[in-house]
Amino acid sequence: MALFEEEMDSNPMVSSLLNKLANYTNLSQGVREHEEAENEDGVRKVTVMGPQMGTFIGVYLPCMQNILGVILFLRLTWIVGTAGILGSFAIVFMCCACTLLTAISMSAIATNGVVPAGGSYYMISRSLGPEFGGAVGLCFYLGTTFAGSMYILGTIEILLTYIVPTAAIFVANNKEDESAALLNNMRVYGSCCLALMALVVFVGVKYVNKLALVFLSCVVLSIMAIYAGVIRTVIEPPNFPICLLGSRSLKNDNFDKCLKTEVVENMTHTTKLWRLFCDSEHLNATCDEYFIKNNVTEIQGIPGLLSGVIKDNMWGDYGPASMLVEKKSQVSEEVEDNSKDIYKPYVFNDIATYFTLLVGIYFPSVTGIMAGSNRSGDLRDAQRSIPIGTILAIVTTSFIYISCVVLFGACIEGVVLRDKFGDSVKKNLVIGTLAWPSPWVIVIGSFFSCCGAGLQSLTGAPRLLQAIARDGIVPFLQVFGHGKANGEPTWALLMTAGICEIGILIASLDAVAPILSMFFLMCYLFVNLACAVQTLLRTPNWRPRFKFYHWTLSFLGMSLCLSLMFISSWYYALVAMVIAGCIYKYIEYRGAEKEWGDGIRGLSLNAARYALIRLEEAPPHTKNWRPQLLVLCKLDSDMGVKHPRLLSFTTQLKAGKGLTIVCSVLEGTYMTRGSDAKTGEQNLKAAMSAERTKGFAHVVVSSNLRDGFSLLIQSAGLGGMKHNAVLMAWPAGWKQAQDSYAWKNFIETVRETTSAHQALLVAKNIDRFPGNQERLKEGTIDVWWIVHDGGLLMLLPFLLRQHKVWRKCKMRIFTVAQMDDNSIQMKKDLQMFLYHLRLDAEVEVVEMHGSDISAFTYEKTLVMEQRSQMLKQMQLSRNEREREAQLIHDRNTASHSTLNAKAASPENIHMTWTKDKLVSERARNREGNMGVKDIFNMKPEWENLNQSNVRRMHTAVKLNEAVVNKSQNSQLVLLNMPGPPKNKEGDENYMEFLEVLIEGLDRVLLVRGGGREVITIYS
């Protein structure tokens, strides 16, 4: 192994890696809490129970206990009576299908590697990333917390309605106040119950765990009692008579006989029922009109499985609040005045009923499928147990629910089913009337079941919040990550109890159920999304051991979840989505950056790859052109950014929303300067973040700077996403530099960008440019349009003015007219051109006549040539000369017609110079330079000057005078950048010409086009 000894520190041996994996221990955050304590020396010791639970104990039974609960015992009979057997079957089927599809997706995720304790939150967050994970984790937390409220409200409803009705604190004096009194009783007792349960959970989870078996036994015994009761109805139906007045169901807790009158010893006496409808007990009393017209009928509330009542219960019976519960097949005579019915002992609907409401109320009864995955740390083989146990539990509970829907409809009379609180069967729990051997089996069983479920919610929810807080993705939740010395989440428990109290103050089980349905459905939706995304991306790490999944099933589950959300309650669905969206955006902007190898990152990579492949590498159409900038930055000796304002200017130019690549080059080899390159790249990213420049940073190491910049210009970008413009700073101290590297690199960059058909932007005095926080209150952006280079000069000011820094600046365009140009016509043409370009700018034509070459120009040229010691003649090639001409002048020159054919092609560089004019101008200059001047006033050393350099210097001096005269006080000057000479011996002279051209100006942007049109008048 000597060959690998240098890598041992970073890359462990395979044997040591396998040893670590074999000794891997999962600590549970869920039900089986590990005990932590400190010994006398202050050293913390941890005692961990080894994961011993199998599929049946660890997954199947907890899921069964969580799924079967309060809705089954308190609301399923009412749902069957209201929606009918077919409607109830549709509700149960939709909800169970939703959870089954979610369980399949969850099984795939859970078996794709080891799932540490944390269950569903861990799976979603590691599959979809911190933003989705945090949003869905908090939704799941809120759902679990409101589930605790629902279970506590169910417990209190059973207590006050069926066990100890006399314990009510608030008693209504009249019928109108009954519902308010009930809600207030629920609030008081619910708050006390919550406080008691929270205290039990605070004292220790182990007490809850010890009671778990008792609660589970209650659920199992209750369900067995229901099936036993159904079988008994075949042999001997139980005796639960109900009393009907006409077709209306009556509350029979205040009378014992379903008779108006009875004969005792040949004497007709009125009954207690008579006294409820009449003003006295005498036969001649004034009675209710409906009571007089209709007979009293007594029928069996539980006619039995073979009675045929299933036909009557097949269809639903929806209605508004306070609607009378009636047996439709019973004959009755209606009366006109029903205003006093509310004061009579009729059974009423307490709330308005409709199909979508019932879906929202029923859905919590199928939640709880995550109970197995939440115990993942306690399982002997989680990857095997979670799929089998969860899916078996869902299949079992689905069978129980569907069979209960059919059996309830087949055994119980419809008016009893629609009687939510059992008023027509002497205040008995309706499902209890069917149970054998006694209704109390169900009452006591459901009471303890609800207590246990509430305790489990108060145990699980704080741990879920603690797990989210410890992940550090939501900064304001970090306080909830702390707890007692043994890890008990004290602060999270207080938060959970506070939210749970909100649900209890709502006080209605029917109102709380749809709220937690939303949060659970949101959680299940994202479990399905996580599985679908991972499956479609086919990431190499996606290798679940559970093979019976498919992305279509996940999408079906996701669609079903979304549909159920809006079916249950569209406004609750929108609120849940807004909450999840707000949490998502908060984590995105303020949360800690986490890299969990999530599917959303993979989705982004796939989308980017697809888009890059689709993006053609050919240049985009003129209408789609936008500056894709390669910013050449310099780093100082400390690897800091030398000109941060270059990044500010880049940000201000990004109204085009194009690509930005910020690059720098270090001199040396990558082996020796690799760490410097990484430091420089981090500093570049930090500077970009500070200047709000969105883009990519890259630092390369090259043997020399010239080659490094050349490689960046050639190869930066990817596919069709390549830069089309280069932004750099003017080499300010090139004259004072001891070597010539600075200006030679600059000129070579100019040549390479020209050769690569890329635009070049050179900023002079970049450190004086405004920062992103500055606001220019007034001023102008001046464009000096000398040659037409594709319209980039026009586009840049427009983009700058989109940014708030330059928004209040006005745009001015200057163009130069020669002696034989019609300046008035030029101005009109230019204004029309800008109008078609949809640009708002002032236009000014500056006339530059062929004046004498001044002594200053000769002296400047002499100094330049003496400094460079190059006295060879420079010839200006036709192509380079053409780049100094201007499109707008063409129409105003005498011989413009000779170039009409060439000007028609948009790819050509247009100019104001014609061939004839160029020849005559050269001859005139040669003669004029000697003829117009006074020969005797010329210094002898001027005669030997290169006349081409003299002419170019003359142009630079005159143009500079015009620019300084007009634009000295402008905020920014944009100027055509002349191209470098083909003969490299004139490079230093070229730098001198540029220096003269921009002398005396504060902020200058030299612009050189890429040789193609970037702005168009067409839509």
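Residues numbered from 1 in each chain as written. Predicted model: local features only at pLDDT ≥ 70, side-chain atom pairs only at ≥ 80, totals over all residues. Heavy atoms only, no water.

Novice: Even after reading the chapter, I still don't get the overall build of the protein chain, so can you show me in this structure?
Specialist: Scanning the protein chain from N- to C-terminus turns up 32 helices and 17 strands. When burial is assessed residue by residue, the protein chain has 54% of its 1019 residues classed as buried. At a minimum sequence separation of 6, the contacts of the protein chain that also span at least 24 residues come to 81%. (Helix = DSSP H or I, 4+ residues; strand = E, 2+ residues; numbered from the N terminus. Buried < 20%, exposed > 50% of the residue type's maximum accessible area, 1.4 Å probe, protein only. Contact = heavy atoms within 4.5 Å.)

Novice: Quick question: what am I supposed to make of the sheet that holds strand S8 (residues 629-632) here?
Specialist: Strand pairing in a sheet takes place through backbone hydrogen bonds and is either antiparallel or parallel in direction. Pairing within the open sheet is mixed, and its 10 strands lie in the order S10-S9-S8-S11-S12-S17-S16-S13-S14-S15. The open sheet is flanked by strand S10 (696-702) and strand S15 (842-847), the only strands paired with a single partner. Ignoring strand direction, the axes of neighbouring strands in this sheet form an average angle of 20°. Where strand S11 (residues 725-729) lies against strand S12 (residues 759-764), five bridges are found, and the strand directions are parallel. Across the sheet, the residue bridging to Val 726 is Leu 760, located in S12. Of the strands in this sheet, strand S9 (660-667) and S10 are in contact with helix H22 (residues 670-690), which crosses S10 at around 155°. Its contacts with the sheet place helix H23 (residues 705-715) against S8, S9 and S10, and it is angled at close to 155° to S9. (Pairing = 2+ DSSP bridges. Axes fitted to C-alpha atoms, helices over the stretch in contact; angles between N-to-C directions.)

Novice: Help me understand the packing of aromatic side chains, please; the structure alone is not making it clear to me.
Specialist: Centre distance and the angle of the planes are the two values used to describe a pair of aromatic rings. Evaluation of the coordinates by the stated rule reveals 25 aromatic pairs. Between Phe 140 and Phe 520, the aromatic rings sit 5.8 Å apart at their centres with planes inclined by 75°, giving edge-to-face as the arrangement. On the criterion of sequence distance, the pair formed by Phe 140 in helix H5 (residues 119-163) and Phe 520 in helix H17 (residues 509-537) is long-range, its members being 380 residues apart. Across this residue pair, the class does not change: Phe 140 and Phe 520 are buried. Where Tyr 362 meets Tyr 401, the ring centres are 5.5 Å apart and the plane angle is 80°; that geometry is what we call edge-to-face. A residue pair is termed long-range when its members are at least 10 positions apart, and Tyr 362 in helix H10 (residues 355-362) and Tyr 401 in helix H12 (residues 382-411) qualify at 39 residues. For the pair Tyr 362 and Tyr 401, a shared accessibility class is recorded, and that class is buried. One aromatic cluster is present, built from ring pairs that chain together Trp 274, Phe 277, Tyr 290, Phe 291, Tyr 346 and Phe 348. Geometry around Tyr 346 places Arg 248 over its ring, the cationic atom sitting 5.0 Å from the centre. (Phe/Tyr/Trp six-rings, centres within 6.5 Å; stacked < 30°, edge-to-face > 60°. Lys NZ or Arg CZ within 6 Å of the ring centre and 35° of its normal.)

Novice: How should I be thinking about the nonpolar core in this particular structure?
Specialist: If you look at soluble globular proteins, the nonpolar side chains tend to sit buried side by side. Membership of the largest hydrophobic core comes to 165 residues, with the highest contact counts inside it found for Leu 76, Met 150, Tyr 362, Phe 363, Tyr 401, Phe 408 and Phe 526. The leading source of residues in this core is H5, at 22 residues. Leu 646, Phe 649, Leu 799 and Leu 974 belong to the second largest nonpolar core, which has 52 residues in total. (Core = buried A, V, L, I, M, F, W, Y, C linked by side-chain atoms within 4.5 Å.)

Novice: Explanation requested: the side chain of Asp 341 in the structure shown.
Specialist: Relative to the assigned elements, Asp 341 resides in the loop between strand S7 (296-300) and H10. Since its relative accessible area comes to 6%, Asp 341 is described here as buried. Discounting chain neighbours no more than four positions away, the residues touching Asp 341 are Arg 248, Leu 324, Tyr 346 and Phe 348.

Novice: Honestly, the pattern of salt bridges in this entry has me stumped. Any pointers?
Specialist: A full pass over the atoms with the stated rule returns 20 salt bridges. Among the salt bridges present, the one from Arg 75 reaches Asp 510, with a minimum N-O distance of 2.7 Å. Taken together, the residues Arg 75 in the loop between helix H3 (70-74) and helix H4 (76-110) and Asp 510 in helix H17 connect sequence positions 435 residues apart. Of the residues examined, Asp 510 reaches a relative accessible area of 6% and is grouped as buried. The shortest N-O distance in the salt bridge between Lys 427 and Asp 423 comes to 2.9 Å. Residue classification places Lys 427 among the partly exposed positions, given a relative accessible area of 34%. (Salt bridge = Lys/Arg side-chain N within 4 Å of Asp/Glu carboxyl O.)

Novice: Looking at this structure, how should I read the state of the cysteines?
Specialist: Every disulfide links exactly two cysteines, by a covalent bond between their sulfur atoms. Applying the stated criterion across every chain, the model contains two disulfides. Across a sulfur-sulfur distance of 1.9 Å, Cys 243 and Cys 258 are joined as a disulfide pair. Disulfide Cys 243 to Cys 258: torsion about the S-S bond roughly 80°, handedness right-handed. Remark: Cys 258 occurs in the loop between strand S4 (248-249) and strand S5 (261-264) and Cys 243 occurs in strand S3 (residues 241-245); sequence separation between them is 15 residues. Neither Cys 243 nor Cys 258 differs from the other in exposure class; each is buried. Here Cys 278 engages in a disulfide with Cys 287; their sulfurs sit 1.8 Å apart. Residues Cys 278 and Cys 287 are joined by a disulfide whose S-S torsion is about 105°; by sign, that bridge is right-handed. (Disulfide = S-S within 2.5 Å.)

Novice: I tried to follow the pairing of S3 on my own but got confused; where do I start?
Specialist: In regular strands, side chains alternate between the two faces of the sheet. Burial analysis of S3 places four of its five residues in the buried class, which makes it a mostly covered element. Pairing analysis gives five bridges linking S3 to S7, with the strands arranged antiparallel. Bridge assignment links Leu 245 to a residue of S7, and that residue is Val 296. When S3 meets S4, the two strands line up antiparallel, connected through two bridges. When the sheet's bridge partners are listed, Leu 245 is paired in S4 with Arg 248. Counting the residues between successive antiparallel strands, the hairpin from S3 to S4 contains two residues, one of them, Gly 246, with a positive phi of roughly 65°.

Novice: Would you explain H10 in this entry?
Specialist: Residue pairs spaced three or four apart in an α-helix point in one direction, given the helix's 3.6 residues per turn. Among the eight residues in H10, six count as buried, and that is most of the element. Along H10, the residues that are buried comprise Leu 357, Leu 358, Val 359, Gly 360, Ile 361 and Tyr 362. Buried-residue contacts for H10 involve H3, H4, H12, H17 and helix H18 (551-568).

Novice: It is not clear to me how the pairing of S10 should be interpreted in this structure. Could you clarify?
Specialist: In this structure, S9 lies alongside S10, joined through seven bridges in parallel fashion. For Val 665, the partnering residue across the bridge sits in S10 and is Val 700. For the segment spanning S9, H22 and S10, crossover handedness is right-handed. (Right-handed = clockwise from strand over helix to strand, strands pointing away.)

Novice: Please explain the layout of surface pockets as it appears in this structure.
Specialist: To find the voids left in a structure, one rolls a probe of water-molecule size over its atoms. Estimates place the volume of the largest pocket at around 1600 Å³. Sort the elements by how many residues they give to the lining of the largest pocket and helix H6 (residues 178-203) lands first, with seven residues. Along the lines of polarity and charge, the residues of the lining of the largest pocket split into 25 nonpolar, seven polar and 16 charged. (1 Å grid on protein atoms, 1.4 Å probe; cavity = no way out; pocket = protein on both sides within 12 Å on 5 of 7 lines; lining within 4 Å. Points joined across faces, edges and corners; volume = space filled by probe spheres on them. Nonpolar A, V, L, I, M, F, W, Y, C, P; charged D, E, K, R; others polar.)

Novice: It is not clear to me how the sheet that holds S3 should be interpreted in this structure. Could you clarify?
Specialist: Pairing is antiparallel across the open sheet formed by three strands, whose spatial order is S4-S3-S7. Lying at the two open borders of the sheet, with one neighbouring strand each, are S4 and S7.

Novice: It is not clear to me how the environment of Leu 684 should be interpreted in this structure. Could you clarify?
Specialist: By secondary structure assignment, the location of Leu 684 is in helix H22. Residues Leu 684 and Pro 644 lie 40 residues apart in sequence; the distance between their C-alpha atoms is 9.2 Å. Sequence-distant contacts of Leu 684, defined by excluding residues within four places in its chain, comprise Cys 633, Leu 635, Val 641, Val 662, Cys 663, Ser 664, Ala 697, His 698 and Val 699.

Novice: Whenever I open this one, a positive patch on the surface confuses me. Can you help?
Specialist: The grouping of Arg 692, Arg 775, Lys 777, Lys 804, Arg 807 and Lys 808 at the surface amounts to a positive patch. In this fold, Arg 775 is placed in the loop between S12 and strand S13 (780-785). A relative accessible area of 34% means that Arg 775 is categorised as partly exposed. (Patch = residues over 30% accessible without salt bridge, like charges linked within 9 Å, V, L, I, M, F, W, Y side chains within 5 Å. Areas by Shrake-Rupley, 256 points an atom, 1.4 Å probe, with all protein chains shown as cover. Lys, Arg positive; Asp, Glu negative; His and termini not counted. Charge placed at Lys NZ, Arg CZ, Asp CG, Glu CD.)

Novice: When you look at the packing of H23 against helix H24 (residues 741-755) in this model, what are you seeing that I'm missing?
Specialist: A pair of packed helices can be characterised by two numbers: the angle between their axes and the separation between those axes. One way to put it is that H23 packs onto H24 with a least axis distance of 10 Å and a crossing angle of 20°. Of the possible angle classes, the one that applies to H23 and H24 is roughly parallel. The chirality of how H23 crosses H24 is right-handed. Contacts from Leu 705, Arg 706, Ser 710 and Ile 713 of H23 reach H24 at Asn 745, Glu 748, Thr 749, Glu 752 and Thr 753. Per-class residue counts for the contact of H23 with H24 are two nonpolar, four polar and three charged. (Parallel < 35°, antiparallel > 145°, perpendicular 65-115°, else oblique. Left-handed = near helix turned anticlockwise from the far one by under 90°.)

Novice: Please clarify how unusual backbone geometry should be interpreted in this entry.
Specialist: When glycine is set aside, most residues are seen to have a negative phi, and most peptide bonds are trans. Residue Pro 437 is bonded to the preceding Trp 436 through a cis peptide linkage, with omega at 15°. Mapped onto the elements, Pro 437 comes out in the loop between helix H14 (430-434) and helix H15 (439-471). In the Ramachandran plot, Met 639 falls in the positive-phi region, its phi being about 65° despite a non-glycine side chain. Residue placement: Met 639 occurs in the loop between S8 and helix H21 (644-652). When its relative accessible area of 7% is taken as the criterion, Met 639 is described as buried.

Novice: Sorry, what's going on with the side chain of Thr 145 here?
Specialist: Relative to the helices and strands, Thr 145 is located in helix H5. Taking the relative accessible area as the measure of exposure, Thr 145 reaches 1% and is therefore buried. Every residue in contact with Thr 145, bar those within four places of it in the chain, is listed here: Ala 461, Thr 496, Ile 499 and Cys 500.

Novice: Help me out: how do you make sense of the confidence of the model for the protein chain in this one?
Specialist: Low pLDDT means the predicted coordinates in that region are not meant to be read closely. Here the protein chain shows a mean pLDDT of 79. Residues at 70 or above account for 80%. Low pLDDT (under 50) marks residues 23-48, which in the prediction has 52 contacts with non-local residues, meaning those over four places away or in another chain. Taken together, the stretch residues 924-944 has pLDDT below 50 and engages in 22 contacts with residues farther than four places along the chain or on a different chain. (pLDDT = per-residue confidence, 0-100.)

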